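Here's the letter readout for the chains.
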Amino acid sequence: DQQVKQNSPSLSVQEGRISILNCDYTNSMFDYFLWYKKYPAEGPTFLISISSIKDKNEDGRFTVFLNKSAKHLSLHIVPSQPGDSAVYFCAAPLNFGNEKLTFGTGTRLTIIP
Amino acid sequence: DAGVIQSPRHEVTEMGQEVTLRCKPISGHNSLFWYRQTMMRGLELLIYFNNNVPIDDSGMPEDRFSAKMPNASFSTLKIQPSEPRDSAVYFCASSLGDGYEKLFFGSGTQLSVL
């Protein structure tokens, strides 16, 4: 049973525009969320995280928004660049204070030059 | 640091054969994880170790799968006998093992069971 869901398998965005990737979760006990980015033939790499005490965390072109009441988080990339083309996974720790993560199924982002 | 090192990168085998995947975590990391990636289920946690001890193996699909961590610098994931439905990319990841530390993944092993 997927506790973290990414309902869009793919997304295409024009270079320079905003990319918005969405993630929903079912467990209201989750208190920390992470986004990972994966290029072909490589392992996922950590991108950005957010604690449930915040509703926004920003790092350069990447911003993650958390809506606890809706159990929804989103990753915004502005402006989108060709190098952002990758698969993006959202994840959450299954237990408080534990690095054992459950991942969504991923969204493949393609940036069109 | 060389990062998490996995071998082999690709493995093609026939159904019924034994498969062994290997992982060297980042030096100094206390936690090690084995994940499997499939199109349908994304990244699934199979098992994780802390200080070389298996903490949670609830994600191991069945008895055909086993994992060991004989020391802090080496882990194996074994499938015996292998089946075509085991075909997937298997990732090893390590972390400092202290709370919400981010995971560092290897490049994965692409397993194809014919």
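Residues numbered from 1 in each chain as written. Chains lettered and ligands numbered in written order. Predicted model: local features only at pLDDT ≥ 70, side-chain atom pairs only at ≥ 80, totals over all residues. Heavy atoms only, no water.

All names here are of chain A. One ladder, built from 4 bridges, connects strand 6 (residues 56–59) with strand 7 (residues 62–67); its direction is antiparallel. Looking at strand 7, one finds that Asn 57 is bridged to Val 64. Hairpin remark: strand 6 followed by strand 7, antiparallel, with 2 residues in the connecting loop; positive phi at Gly 60, about 65°. Summarising the sheet, strand 7 and strand 8 (residues 72–77) pair through 6 bridges and their orientation is antiparallel. Each bridged residue has a counterpart across the sheet, and for Phe 65 the counterpart in strand 8 is Ser 74. (Pairing = 2+ DSSP bridges. Helix = DSSP H or I, 4+ residues; strand = E, 2+ residues; numbered from the N terminus.)

Turning to the state of the cysteines, a few remarks are in order. Residue and element names in this part refer to chain A. By the definition in use, this model includes 2 disulfides over all chains. Disulfide pairing places Cys 23 opposite Cys 90 at an S-S distance of 1.9 Å. Given an S-S torsion of about 70°, the disulfide between Cys 23 and Cys 90 has right-handed geometry. Separated by 67 residues along the polypeptide, Cys 23 in strand 3 (residues 19–25) and Cys 90 in strand 9 (residues 86–93) bring together distant segments of the chain. (Disulfide = S-S within 2.5 Å.)

Should their charged atoms come close, side chains of opposite charge can pair. Under the definition given, this model contains 11 salt bridges over all chains. With a shortest N-O distance of 4.0 Å, Asp 84 of chain A and Lys 37 of chain A are connected by a salt bridge. Note that Asp 84 of chain A is positioned in the loop between strand 8 and strand 9 and Lys 37 of chain A in strand 4 (residues 32–38), a separation of 47 residues in sequence. Overall, Lys 37 of chain A belongs to the buried group, its relative accessible area being 11%. Among the ionic pairs, Glu 44 of chain B bridges to Arg 36 of chain B, the shortest N-O distance being 3.5 Å. One salt-bridge network, held together by shared partners, links Glu 62, Arg 64, Glu 83, Arg 85 and Asp 86 of chain B. (Salt bridge = Lys/Arg side-chain N within 4 Å of Asp/Glu carboxyl O. Buried < 20%, exposed > 50% of the residue type's maximum accessible area, 1.4 Å probe, protein only.)

What follows covers the packing of aromatic side chains. Applying the stated rule across the entire model yields 13 aromatic pairs over all chains. Between Phe 103 of chain A and Tyr 35 of chain B, the ring centres sit 5.3 Å apart and the planes meet at 90°, which makes this aromatic pair edge-to-face. Taken as a pair, Phe 103 of chain A in strand 10 (residues 101–103) and Tyr 35 of chain B in strand 4 (residues 31–38) lie in two separate chains rather than in one. Each member of the pair, Phe 103 of chain A as well as Tyr 35 of chain B, is classed as buried. (Phe/Tyr/Trp six-rings, centres within 6.5 Å; stacked < 30°, edge-to-face > 60°.)

For the rest of this paragraph, the subject is the nonpolar core. Counting 23 residues, the largest nonpolar core has Phe 33, Trp 35, Leu 73, Leu 75 and Tyr 88 of chain A as its most contacted members. Sorting the residues of this core by element identifies strand 3, strand 4, strand 5 (45–51), strand 7, strand 8, strand 9 and strand 11 (107–112) of chain A as the ones contributing at least two each. Of all the elements, strand 9 of chain A adds the most residues to this core, at 4 residues. For Leu 75 of chain A, the residues in contact, after removing those within four places along its chain, are Ser 19, Ile 20, Leu 21, Trp 35, Leu 47, Ile 48, Phe 62, Thr 63, Val 64 and Tyr 88 of chain A. Grouped together as the second largest cluster of nonpolar side chains are 21 residues, Val 4, Leu 46, Ile 79 and Leu 111 of chain B included. (Core = buried A, V, L, I, M, F, W, Y, C linked by side-chain atoms within 4.5 Å. Contact = heavy atoms within 4.5 Å.)

Next up on the list: the sheet that holds strand 7 (residues 65–71) of chain B. All names here are of chain B. Across the sheet, which stays open at both edges, the 4 strands sit in the order 1-3-8-7 with antiparallel pairing between neighbours. Looking along the sheet, the strands with just one partner apiece sit at the ends: strand 1 (5–7) and strand 7. Taken over all neighbouring pairs, the strand axes of this sheet differ in orientation by 15° on average, direction set aside. Bridging between strand 3 (residues 19–24) and strand 8 (residues 74–79) involves 5 bridges; their strand directions are antiparallel. Bridged to Cys 23 within strand 8 is Ser 75. (Axes fitted to C-alpha atoms, helices over the stretch in contact; angles between N-to-C directions.)

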